Amino acid sequence: MRTDPSRPLRGERPRARSLAARLLPLAAGLALLSAAGCAAPSATADMTRIRELSGAALPPSAASDEVDPEPAGDARALEGRPLTADAAVRIALLNNRELRAALKEVGVARGNLDQAGALPNPEIEVEVTPRQEGLEHTHVELAVEIDLTAALLAPLRARAARSEHLAARFRAAGAVVELGYQVRAAFYAAQAAEQRLGVANRALDALAAARDAARALFAAGNIPELDVATQEAGYEEARVTAAQLELELLSRRERLHRLLGLSGAATTWTLAGAIPKAPAAVTTPPRAETQAVRASLELAELRSRLDAAAGRAGALRAEGWVPDMSVGVRGERELPESGEADAHPWVIGAGLRVALPLFDRRSGAQAAQAAEFDSLLERYHGRAIDIRSALREARNRLVSAHARARHQEGVVVPARRRVLEQTLLQYNAMQVGVFQLLDAQRGQLDAELAAVEALREYWTAKAAFDALLAGRLVDSGGADAPAAMPRASGAGEGGH
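Residues numbered from 1 in each chain as written. Predicted model: local features only at pLDDT ≥ 70, side-chain atom pairs only at ≥ 80, totals over all residues. Heavy atoms only, no water.

## Observations concerning the confidence of the model for the protein chain
Residues at a pLDDT of 70 or more form 80% of the protein chain, whose mean pLDDT is 79. Helix α1 (residues 13-37) is the least confidently modelled element of the protein chain, averaging 42 in pLDDT, while helix α8 (residues 288-295) averages 92, the highest of any element. Contacts of residues 62-74 to residues separated by more than four positions or lying in other chains number 24 contacts, the stretch itself having pLDDT below 50. (pLDDT = per-residue confidence, 0-100. Helix = DSSP H or I, 4+ residues; strand = E, 2+ residues; numbered from the N terminus. Contact = heavy atoms within 4.5 Å.)

## Let's talk about the side chain of Arg353
Relative to the helices and strands, Arg353 resides in strand β4 (residues 347-355). Looking at Arg353, its side chain comes within polar contact range of the side chain of Ser326, at 2.7 Å. (Polar contact = N/O pair within 3.5 Å; in protein donor to acceptor, adjacent residues only side chain to side chain.)

## Overview of the side chain of Arg472
Within the secondary structure, Arg472 sits in the segment after α11 (434-469). Arg472 sits in the buried class, given a relative accessible area of 17%. Side chain to side chain, Arg472 and Glu178 meet in a polar contact 2.8 Å long. Contact partners of Arg472, with chain neighbours within four places excluded, come to Gly174, Val177, Glu178, Glu298 and Ala467. (Buried < 20%, exposed > 50% of the residue type's maximum accessible area, 1.4 Å probe, protein only.)

## Let's talk about the layout of surface pockets
Reported here for the second largest pocket is a volume of approximately 370 Å³. Considering the residues around the second largest pocket, the lining is formed by 20 residues, among which Ala102, Glu105, Arg171, Ala172 and Ala175 are closest to the centre. When residues of the lining of the second largest pocket are traced back to their parent elements, those giving at least two are α5 (97-116) and α6 (148-219). (1 Å grid on protein atoms, 1.4 Å probe; cavity = no way out; pocket = protein on both sides within 12 Å on 5 of 7 lines; lining within 4 Å. Points joined across faces, edges and corners; volume = space filled by probe spheres on them.)

## Concerning the pattern of salt bridges
Inspection of the entire model under this criterion finds 25 salt bridges. In this structure, Arg472 engages Glu178 in a salt bridge whose closest nitrogen and oxygen atoms are separated by 2.8 Å. Here Arg472 is found in the segment after α11, whereas its partner Glu178 is found in helix α6, with 294 residues between them in sequence. Salt-bridge contacts for Glu372 lead to Arg312; the nearest nitrogen and oxygen are separated by 3.1 Å. Linking Glu372 in helix α10 (residues 363-428) with Arg312 in helix α9 (residues 297-321), this pair joins segments that are 60 residues apart in sequence. Classification of Arg312 by relative accessible area gives partly exposed; the value is 24%. A network of salt bridges, in which partner residues are shared, links Arg196, Glu248, Arg252, Glu453 and Arg456. (Salt bridge = Lys/Arg side-chain N within 4 Å of Asp/Glu carboxyl O.)

Next comes the structure, spelled out in structure tokens:
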């Protein structure tokens, strides 16, 4: 008990009972209001809303309070087949522990919401004074007090907590969209790395053939030793490049393992085919900037946080002006001793404790909350500008990557193929030597490497553009393009 209500005098008993009869229904009404308006949504309701916001088929197990140590059954079924981009995203949504942790963090906001709307516990005090000298009977006092101000402010605090809970939902939905982008980008990178390694191995075979030819010609006395050394150096450099590409492939696979949440025997998956070709045309929505801003989960989260800040500011203002009040009900009774007649009746009274807000008006807390609101508002407007700019940048990157991929596939690679064909004809006519033929072959392989990298950049740019339209601004900075295969050429001999 912080302060005991004044005990009613026996002569004032009817008035005290009237005051108690007025205060108790008020407290009961506050309890009903708080209980009706502050009930926290369930975990299932949270997951349903997050699915709607992110457009992802999240597993029901993600809403559970228990985390299974093993992958879900749907993920194990997908692991037995060649991995596609869509299957990889689905496995990640089932297995990725960081995502599951982010989803369960919504429960923190849900618990805070439930706690914010809770009424203060009543305080009960019992005093028993046994019969002794000066007292004819055993005296019993029973007092119940409740913080009326906390009960009045509970709906205001619950409003802020409800907005924070909505912000947590938007944040979790954004994590779902971002994970989908990361998985797709990592999947395309693994596909491209596997294709580049295949091209590098073919180039390595070509350089090995050039080295062997140079050794044979040098043994016959047809070329100087410099040409042999040049071809051997080119071959050894190509071996280093091939080893780097092999390590890149392994690293890309491990990156996918982490995103998919796989380990052990589940990491023996194979990729389903090569990286897809670029479509004939790339299309973007006519009002893509507006669509990205409206769909932005980050802006929605900031709006909810602004509502929460406004709610907290309102609660602080009310707390600064509303007196700190506690209402209490007290009863006292004198118990008869053994062998005596009926006990004395209960004497009921009520009291009200009021602390006037004269010195502490919560002005400092209000100023801090106002500054937080202004800070969030500035971030909101700045983020809206960033999203519009990022949309334009992503669209430019997508269009450029599409044009380069189509140009590499439709122009550069066929041109290099024609160079190889014409060089082969010249070689058959004994107009060029074997080194020029092998150099033309290496040029074609380099063009194929560039075409694969252009395809990876296109599909990564498309995934980033789609994620932005789905509500999440992601970091679309891709991995550095691998170095081209070394090109070793011999001296300019003209025939066989």
